[in-house]
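# Structural features, examined
Spelled out, the chains give:
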Amino acid sequence: MTYKVVYQLIMKHLIVLFSLISITAFSQNFDKVDAIVLEYPRFSKVENFAKRIETDFTKDIDKARAAFFWLAKNIRYNLRILYNPKKRSYFFKYSSEEEKQQKMQALIDNLVNKAFRNKTGVCEEYAQSFKKICDLLQIEAAVIKGYVRNNSKEIGIIPNSSNHAWNAVKIDGKWLLLDATWAAGYEYNGKWIRKFNNFYFDVSASKIFKTHFPEESIWVLRFGRINIQEFFNQPIYSSTYLRLKAELISPQTGIINLNSSENIKIKFKNLDHKLLVFYTIKGERLAKKPKITRENDITTLTIKNPNRNTDLVVYINKKDALHFKVSVR
């Protein structure tokens, strides 16, 4: 019997707008690995790249880091696709599960080969390329598809389809999470800014569901207990905030509901008093300093009621940290 399938690679992608470099959950220092990879040529074939990694490194964690770092440094995000999201559809026939898997892998391999030749892509290229390298190195890895957010308009709203792809890699029996797309840079005023963000290599289980939510339940079960509505109801977190040891106590939802007489209060546990904290209200030109009070390890930011529905951004050390929607009754 012959079957037909349309294999779709998601082309609607989000990229992170926050670029502060931070400390990874993995304890190893990768300066030596990164220094070696910085001397690599801009490989045009994934097989040649994998062979070079195999030659230069013995530990699987170093090999995974080398693949991640090179991809983030050498593949430029395709902004044309960001601004014109669509799906790439591939039609093929198959007569057995084995043939189906072979043809799907051929499509993915072609995608990876083009990314290496052209040095451009979106999240699918980054994620599939990382997995292909790991396959060649005989390191277990997976592509995770799911949801990410970077705009306050997305708070509380679940889209019809997933919009991102990232990776997990198994090192010494432990799954590590990473996102080479978000590590590669960010879009600013219509341009791609290359700026490596170390935070997205080995994102901790306690942080990942602040920014990424998998489609497949197995990845949710492996790293936490949260449902998709809870994920989308959160504030928008950037790596600026996530790299801190601070914990957001309240509000834990991204929509702040106020009466007309109430001010906004944001509470943190263990927020370093040396940090510079400001906020902006959408439509206002200047950033302002909130009233800051501290009691033991709890820090409270008090922000004057904007008297309208709007967006609020909290900045820490001049970087986006948290985004909220404000709803005034």
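Just above sits the structure.
Quick summary incoming for the structure in this document.

The rules we used
- Residues numbered from 1 in each chain as written.
- Predicted model: local features only at pLDDT ≥ 70, side-chain atom pairs only at ≥ 80, totals over all residues.
- Heavy atoms only, no water.
- Helix = DSSP H or I, 4+ residues; strand = E, 2+ residues; numbered from the N terminus.
- Buried < 20%, exposed > 50% of the residue type's maximum accessible area, 1.4 Å probe, protein only.
- Pairing = 2+ DSSP bridges.
- Axes fitted to C-alpha atoms, helices over the stretch in contact; angles between N-to-C directions.
- Contact = heavy atoms within 4.5 Å.
- Phe/Tyr/Trp six-rings, centres within 6.5 Å; stacked < 30°, edge-to-face > 60°.
- Lys NZ or Arg CZ within 6 Å of the ring centre and 35° of its normal.
- Salt bridge = Lys/Arg side-chain N within 4 Å of Asp/Glu carboxyl O.

## Observations regarding unusual backbone geometry
Note: most residues except glycine have negative phi, and most peptide bonds are trans. Backbone torsion omega between S250 and P251 reads -5 degrees, so that peptide bond is classified as cis. Following the sequence through the fold, P251 ends up in the loop between β13 (247-250) and β14 (255-258). We note that N270 has phi near 65 degrees; this positive angle belongs to a residue other than glycine. Structurally, N270 can be placed in the loop between β15 (264-269) and β16 (277-281).

## Regarding the pairing of β14
Along any regular strand the residues' side chains alternate between the sheet's two faces. Side chains I256 and L258 project from β14 onto a buried face, and the interleaved I255 and N257 project onto a face without burial. Bridge count for β14 against strand β20 (residues 319-328) is 4 bridges, and the pairing is parallel. When the sheet's bridge partners are listed, L258 is paired in β20 with V328.

## Side note on the sheet that holds strand β18 (residues 298-303)
Taken in spatial order, the 4 strands make up an open sheet running β13-β15-β18-β17, and their pairing is antiparallel. The open sheet has two edge strands with one neighbour each: β13 and β17 (291-295). The sheet shows a mean angle of 25 degrees between the axes of neighbouring strands, direction not considered.

## A short note on the sheet that holds strand β6 (residues 164-171)
Each strand in a sheet pairs with its neighbour through backbone hydrogen bonds, running either in the same direction (parallel) or in the opposite one (antiparallel). The 5 strands are arranged β10-β7-β6-β5-β11 in an open sheet whose pairing can be described as antiparallel. Across the chains shown, the open sheet's two edge strands, defined by having one partner strand only, are β10 (201-203) and β11 (212-214). Each neighbouring strand pair of the sheet contributes to a mean axis angle of 50 degrees, computed without reference to strand direction. Alignment of β6 against strand β7 (residues 174-178), held across 5 bridges, turns out to be antiparallel. Note on β7: the bridge partner recorded for K170 is W175. Across the sheet, helix α6 (residues 123-136) lies against β5 (141-148), β6 and β7, angled at about 20 degrees from β6, the strand it touches most.

## Thoughts on the packing of aromatic side chains
Any aromatic ring pair is given by two values, namely how distant the centres are and how the planes are angled relative to each other. Here the structure, examined in full by the defined rule, presents 22 aromatic pairs. Ring-pair connections join several aromatic residues into one group, and the members of that group are F30, F68, F69, F196 and F201. Seen from the ring of F278, K289 lies directly overhead, with NZ or CZ sitting 5.4 Å from the centre.

## So, the pattern of salt bridges
Per the counting criterion, the structure on display carries 8 salt bridges. Between K131 and D135 there is a salt bridge, with its nearest N and O atoms 3.1 Å apart. In this pair, K131 and D135 both sit in helix α6, 4 residues apart, roughly one turn of the helix. Judged by relative accessible area, which is 23%, K131 ranks as partly exposed.

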